[in-house]
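So you can see what is in the structure, the chains are spelled out below.
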Amino acid sequence: MSGEHLLQLENVSKFFPIGGFFSRARMTAVDDVSFALAADRPEIFTIVGESGSGKSTLAKMILGSEAADRGTIRFDGADIGDISSRSAREAFMTRVQPVFQNPFEAFNPLTRIDEYLYATAHRFKGAKSRAEREALADTALQRVGLSIAEVRGRYSHELSGGQLQRIAVARALIPEPKLIVADEPVSMVDASLRMSIVNLFRELRDTLKVSIIYITHDLATAYYIADRVIIMRKGVVVESGDARTVLDNPQHEYSFALKNAVLPPDPREASTIIRQRRQDVGAPVAREIVRA
Amino acid sequence: MFKILRDLLRYNKEFLFGTILILIIVGLIVSSFFSPYDETAIYVVIPDMPPSAEFWFGTTSRGQDVFWQIGASLRNTLLFGIIVAVVSRLIALVVGLVSGYIGGRTDQIIMGINDTLGALPNIPILLLLVFVLRDQMTWSMLAVVAALLGWTHDSRLIRSVALSLRQREFTRHAVFSGMRTSQILVREHLPYVMPIVFFTTMNNLIWAIGLEVTLSILGFSDINRPTIGGMIYWANAHSAMVAGIWWWVAFPMLFVVILFLGLFMLAMSVNEYIDPRSRLARMGA
Amino acid sequence: MNGFLIYAGKRFLQFLFVVVTGITLAFLIAHFSPVDPVEQTVSLLTSFGSTDPQSVEILRQSLRELYGTGGPLIDQYFTFWGRVLTGDFGPSLSSFPTPVMTVIGRALPWTVGLLTLATIIAWIIGNLLGALAGYFRNSRLLKLAGIVIMALQPIPTYIIGLSLVILFGFVWPILPISGGAQVNLTPAFNWAFISSVIEHGILPALTLVLVGIGGWFISMRSLVSNIITDDHVVYAELGGVRSSSIFSYYVARNAMLPQVTGLALSLGNVFGGAVIVEFVFNYPGIGKLLISGIYSGDYSLVLGVTTIAIIAVAAAVFVIDIIYPLIDPRVKLG
Amino acid sequence: QDFIAGIPRNETLIIQGTPQQNADWFNVWAPGGGGSANVNGLQQLTTDTFWFINPEGGPDAWQNALATEPPAYNADFTQMTVKLRKGIYWSDGVEFTSDDVAYTVKTQIDHPGMSWSAPFSVNVASVENPDPQTVIFHLKKPNSRFHTVFTVRWNAAWIMPKHVFEKAGDPLAFKNNPPVSLSAYVLQSYDKAGNWTIWKLRDDWQRTSIGMAAKEPPQVKYVVYRAAGNPEARVIEQRNHNLDVINDMAPEGMFAMMRDSKSVASWLKGFPFAHPDPTLPSVLLNTKKPPFDNKDVRWALALMIDIRAVALGSYRGAANLAALATPPTGSAPDDYYAPMQDWLTNFELDTGSRKIKPYDPNISAQIATMVRGQWGDQIPTDPKQLQRTFGFGWWKQDVQAATELLQKAGFKKSGNQWLKPDGTPFTIRLQVEGDAIPTLARAGTVIAQQWSQNGIATKVDVAGPTNGQRLSTGDYEAAIYWSIETWGGHPDLSFFLDSYHSEFIKPLGQIQPPRNLQRWQDSRLDQIIAKNRSIAFDSPDVTKVGQDFLKLAVEEMPMIPLMAYNKFAPFDTTYWTNYPSAENPYSASGPNWANIRYMVTGLKANPDAPKN
Amino acid sequence: MTLVENSRDALTIDGLKCYYVNDYFGVRREIRAVDDISLTVRKNEIYGIAGESSSGKTSLIKTLAGAIRPPMRVVGGTVNFNFDGKPIDVYGEPQKMRAARWRHLSYIMQGSMNVLNPVRRVKHAFNDFASRHMGLDQAAFRQRVEAHLARLHLDPHVLEAFPHQLSGGMRQRLTIALATVCEPEFIIADEPTTALDVLVQQDVLALIKEVQTRMQASVIFVTHDMSVHAAITDRLAIMYAGRLAEEGPTQAIFDNPQHPYTAHLIGSLPRIGDTRTRKSLQGKPPALSNPPSGCRFHPRCPIAIDRCSKEVPVMQQSATGGRVACFRAGEYKIQ
Ligand SMILES: Nc1ncnc2c1ncn2[C@@H]1O[C@H](COP(=O)(O)OP(=O)(O)OP(=O)(O)O)[C@@H](O)[C@H]1O
Ligand SMILES: Nc1ncnc2c1ncn2[C@@H]1O[C@H](COP(=O)(O)OP(=O)(O)OP(=O)(O)O)[C@@H](O)[C@H]1O
Ligand SMILES: [Mg+2]
Ligand SMILES: [Mg+2]
Ligand code: NI
């Protein structure tokens, strides 16, 4: 059964302690989430949802960098909690690659950006010589609209947010993984480039048979490329299914609200929505600000 | 490399001053190899001469030229200090980074050992070891023992930084980039603790030299070997401070101070070089 | 289960481990010392008098019995632990039969008082100046202060102490240079005694402070210069937050955390005494006691002092481990 | 703030003491005072026993204290009778009698571990006190020197207060706080932290042996023993007039004091100012370790030394040289040095290829000339005077002769390095104590340098507190230390000589009883010792026997005597005058000597002292 | 400056050039992130800036906010604010600028999840940044802050949390709250809503709009999300490779983009329900260290002519009431 799945989550939950040091209270960041990606049918699996709903936490668990408190996560049939040996871990990493949410955090400010690319090329693609590594890195960078020349020798604070995100995506491509877990990979990229990256995902899926878990707030791109979607709120999956179906016709009230909240790229419509929203929220705090 | 140096010298006043100060010390140490006198020989010049054209820094009550003595003493003391500092730094780094990065049980065991060594009071343990080992307790052995006692605090510091680095996203990113643990420790985490390494090296060097002096004052050093502590010991044995032979103590101290000011400035500027953020900040400033 | 209790329990086990191994190490090293307490007493009793070899031999035998220094190491080790657990380290061999605890008890308040105060003062000044110097990098005054501090730091304690002695004892004789309090003053809780203790403590404390500031200064300075490039500091500056607030809550406070650990450890170290300072100022402290214990082969005394010192340091580590998560919210229990 | 609270400075004498590790321990009869015992005034000011010898010599060197007359032995030295003074009282008003003496001896015999328990149990069969003023000791075997147990040079067996100890329980665990005094001072107060102890003149000071001996009432009302810190601090304290008596300091410090301060007095008025102690720093050679078992090697080492450099290096020339194995102090110059000059000058040494006369009688004069440049008039010109300050003569450095001696012993020279007969390099580790006795460490480095220059690579080893033990277990090759101390004020050499007997020599590794640290063994030596044991302490033959010993020691050179232990002890005259000096050697002056009581009671208040 | 009292302009930028100049340790690199930009922002308007990733938006904004740190350097031009009729030259009067911060001008940095002090509870940030400008007592201030947070769907208890306990979106909302709570008359926001879900985003936008309207404030709003621009900005500027490509009323730009890059950008926007494949622009964004000659867009421009590679087009009045820097303005149409 599980052999057919590339990735399988069964009743996964994650808790975090909250409150003071001595308190026993905990909050449920991810609550009983199950889904599976088929091994033979690569897909773009989108997770959308409220901010703080546990999307990143879920991603971290899939990547094995947080342990699930409950439930199991299997990759290629093996429980990822059991990956402990170095070679197993390495094998896992060649097949699963992440793109982290915050590009400013994802790169060590004291390390040159290209190091990450070279290391990946070296370790997962066996690139020995410097030239080989650069070539691999460059190919990957070209796909996201960058080149090794622009990246070489630079540090993260020297690059724009979008550049960093694109580099992160490019890096994840190098090992040619089976699964990419991309946590808001294009949040800081302009619409045009965003399309090219999203197109790239699609192309990866179609040509290289890579599955992609795509976490985003951008429902429009989700709609554009996703095969399946789950919508999360407060750690719980409130709705899941075929992306187009769900987004065209959301069933859960939250999904519905979410979809309706998407601003259209049209000033007239969009500003009306915002105006409406202002009225819904109610009159502003009717108090003059006394300035100090 | 040369360009880096040139730029450092050009843009960084501290680096320039530091270099000059260190060059003074290096010059003195190098010159000690060309000393006209055997460095251990006594009564080779007229004792108790104040600083003059002939004896720049005066002569000691033991008939030694303070200038040449300082050269040799700095060399020996620094050698001792550097061995202590380097060995203990290596241990502190490895232990701190590994313990912090790996965490869990390994961390607990390593920290247990670390804390045990850290809790042992240094001076008495050293003195007792000097007694126990006696003839085997050469200065190099002493350096090793001191190094073994001198890393615990710093490794804890490094570990605490490493612990927080472990949680950072870029560490996970590095793991998924295929960097090996050693690479992560060296390339990703080491630069972060470099400032710590720098200042703890300085502190450690100072500690080591202080230790040497303390042992000398308590009468436990090899009095045949000229060292800074040895100079103080002998000055003491001749009551130099009350007898008015101030130059016997003042000049060695002056050069110790020069040495550390130089190191301090170099450490500051190199530190900034290592951190690309402040490196750039400097340039505009 | 309460996570904190598990955490604290683990730490406590670690504390016990440190204490037990540390003391065992100290026990072994002390016992391998070639200085024989009996011989030291013998030579003390005989070195100046006419010494009849036969009598010396007899004296040696009787002292050996009296001190009970014979017996296999392992027995002594267990006896020793028995004593440690009851807080009694047996009789001092160099002050036989006065209990080690009595001897230590006399010296401890002096050292601990002096060192605690000096450590805290040095810590405050060093960190304050270091943080200021790291934050206001371009201030000339602070640069100068930095240079003075860095120039003072490598000078051996002994030389600083001696210079102070000469300066304030001779050149400008305004302060007492030796002892813990005025001669012929009985300890009492009155102003005469307290002021005398303070007066006698000034120079030793000053020495310790001068020597101690540097380390804190340099580490704080470097911690701060790391932190000021952090986003949250930059943002606070852009937010027009008062410099004083930025300095204290954004910069100093964040850099302070490792320094708190350092302070705790230094305070733990207080129980080891400050040999050189006590030596220079003839301060009636634990460091001198320890050295004389070592010299006279009085391993009961040496072990008494080291045991206290080890427990103190280990306890400091333990306490800091326990409270660290409270002061640094980022630390995870684990 | 005044330096001392509550007592008038001009009635107070402040003496350098040591920090008391166990400050409230006042029982001198048990070893409980800690490593620093005996230098807080307790034994110096409150104890008493039968006799004192003034180490400075002179006709009055023998002083009867509790006894009224010298010891009376029977013919075969198996019984000693002591007559006690009448009218002596303990400070608590109890009269001192022969009961106290008998109690002292018995108690100590009953309690091994007490300070004088051993000599009593070895010697005393029984004590008899037929009346309060008479004590008769019955000895286990003949001993012509038994009285020395009760004769103070530095200290001696002190008499215990029977009425106190009787009630005290275990005398080994008894603190004796406050101590009842048998001498002129009583405890006033002390520092629990051990930095000072204050003693006060007894109101009934006349009822003590010292009071009875005093011609005038003692003027020092209070004596403060205080730990005054390190040498620099001591100098400063004295210059601030907070320390009247300093025990010892580096020569340079002393010279600086004499140069800068008007109020300082010293033993010698001019250079070198020092007081020669009756101890004899020498190069001890471990005669049980080859090649030091070879007399030719020992002599070669002696002849490689240029004593002038040693004198300059250790004492800045202020050394009192000793070629003989007895310190040239007290009565020794008259008893031994002067009479033996001719013998020394004519002494011949066979180097294997020729005979040489190594002694140079002028060497002290040469040193005097060397330092005259700096000290000018202060250096005496009168030869007699010179001999008293710089010593008589010493061995002339003679590298050639040393070479011949080594060759005779089978050594070979390769380059500038001597090889032992077995072909290994001849190297020496020269042990010094180091910190507590810096002048000897200084001498050691000079000698090491000279030996090294002459082909014997020598390293100086600082032994610190392990010094004593390494010396006594024979764990050394050569060392600078003393194995000879004398009464100073009496020609009898038994003080150390008796212990040189071969019956006491232990194999290397085992602990050798004090004194014969070089483990010198010689049947001729045994004969000399036997001779000395058989004659009375005051017999005129004592000097004769002593000379025989000295001659033998020159021939054998088991240790290379260097000089007297010169002590630099400045006195502050701001408040007190009439300190003992070479001109007026009425008392020993060292603060740790029990004999200092004669100085304390002999001081005169300085009329010009500041009033307070 | 010749700023008239009560001018309608809240911010005037004139010929601003801001480069990253790297000449250290042997490497020389000059990145012209902001190259000769002039624009004005009026009172009571929301001025959007969009543009290609790494086109210099953040750099421009940092310059305006006076947040430049080496190696960034203002090479030429001026930036003048007009707060309450009081002109402030950002780089001429650092003192005044300092005083104006948060009272008149607040700034939301890009990557604003990292700007909170990791070891202090969130509430302290509010105290530090805002409380002294508001003259309220503690309790009232707290109440006010809580009310403000509520509008961003943040529970009051986040004030007691440490930053690391909050999700990225929560932190971002907090920074927005922080920047708006004093209701300053000028707000600069750099991608403040990237980590927010659309629901929350709406509220944030509503809030910003609300504050802006009430205070008649000016806002500069940078985002890649054109829908956001559509929703709240009054005017929109499009940047490309360190320069302004186009500027105009938002509606006009969406309806009738003049610059071919703008046209392309608008054209590539996806919509839910629309699955047509969208082509992204050919080629890659130019490297600012070595930008193309002439019009910087010309290598990728589908309608480029010879002149484009030789002459630098200047900003000119456009047909739709804005300004545009293109020789063939208005000629490119999205298919
Ligand atoms: N280390 C942690 N300690 C305590 N709580 C945490 C921790 N990490 C995350 N959380 C909490 O878990 C919840 C889920 O966080 P997560 O980062 O997964 O959200 P998200 O869905 O990725 O949100 P966003 O879209 O804003 O990034 C949040 O409420 C957050 O506060
Ligand atoms: N500190 C720096 N040193 C050198 N170059 C820098 C530095 N910061 C930014 N840059 C460069 O300046 C250019 C403009 O960057 P900026 O951050 O302004 O872009 P942006 O328009 O905000 O992009 P994004 O939308 O991706 O955030 C980029 O090419 C970037 O690499
Ligand atoms: Mg997230
Ligand atoms: Mg940006
Ligand atoms: Ni003596």
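Residues numbered from 1 in each chain as written. Chains lettered and ligands numbered in written order. Predicted model: local features only at pLDDT ≥ 70, side-chain atom pairs only at ≥ 80, totals over all residues. Heavy atoms only, no water.

The name recorded for chain C in an unreviewed UniProt entry is Peptide/nickel transport system permease protein, from Rhizobium viscosum. UniProt annotates chain C under Subcellular location (unreviewed entry) with the comment "Cell membrane". Its UniProt record gives chain C the following Sequence similarities (unreviewed entry) comment, quoted word for word: "Belongs to the binding-protein-dependent transport system permease family." (UniProt positions renumbered as here; feature names shortened; annotations may be inferred.)

Asks: Give me the lowdown on the packing of aromatic side chains, citing residues and values where you can.
Replies: Overall, the coordinates contain 78 aromatic pairs over all chains when judged by the stated rule. Taken together, a centroid distance of 5.2 Å and an interplanar angle of 75° make the contact between phenylalanine 26 of chain D and tyrosine 190 of chain D edge-to-face. Here tyrosine 190 of chain D lies in strand β9 (residues 185–190) and phenylalanine 26 of chain D lies in the loop between β1 (12–17) and α1 (42–46), a separation of 164 residues in the sequence. By relative accessible area, which is 0% here, phenylalanine 26 of chain D ends up buried. Owing to a relative accessible area of 15%, tyrosine 190 of chain D belongs among the buried residues under this scheme. Taken together, the ring pairs in this structure connect Phe50, Trp51, Trp62, Phe120, Phe137, Phe146, Phe150, Trp487, Phe495 and Phe537 of chain D into an aromatic cluster. A cation sits over an aromatic face here: arginine 244 of chain A above tyrosine 223 of chain A, 5.3 Å from the ring centre. The side chain of arginine 62 of chain B reaches across the aromatic face of tryptophan 234 of chain B, ending 3.7 Å from its centre. (Phe/Tyr/Trp six-rings, centres within 6.5 Å; stacked < 30°, edge-to-face > 60°. Helix = DSSP H or I, 4+ residues; strand = E, 2+ residues; numbered from the N terminus. Buried < 20%, exposed > 50% of the residue type's maximum accessible area, 1.4 Å probe, protein only. Lys NZ or Arg CZ within 6 Å of the ring centre and 35° of its normal.)

Asks: Outline the packing of helix α5 (residues 100–135) of chain C against helix α12 (residues 286–295) of chain C, supporting the account with residue identities and numerical values.
Replies: Residue and element names in this part refer to chain C. At a minimum axis separation of 8 Å, α5 and α12 run at an interaxial angle of 140°. Comparing the axis directions of α5 and α12 gives the class oblique. For the pair α5 and α12, contact is made by Val103, Ile104, Ala107, Leu108 and Thr111 and by Ile286, Gly287 and Leu289, respectively. (Axes fitted to C-alpha atoms, helices over the stretch in contact; angles between N-to-C directions. Parallel < 35°, antiparallel > 145°, perpendicular 65-115°, else oblique. Contact = heavy atoms within 4.5 Å.)

Asks: Describe the environment of proline 249 of chain E, and please don't skip the residues or the numbers.
Replies: All names here are of chain E. Along the polypeptide, proline 249 turns up in strand β10 (residues 243–249). According to the relative accessible area criterion, proline 249 is partly exposed, its value standing at 29%. Considering only alpha carbons, one finds proline 249 and alanine 10, 239 residues apart in sequence, at a separation of 17 Å. Setting aside anything within four residues of it in sequence, one finds proline 249 in contact with Asp234, Arg235, Thr320, Gly321 and Gly322.

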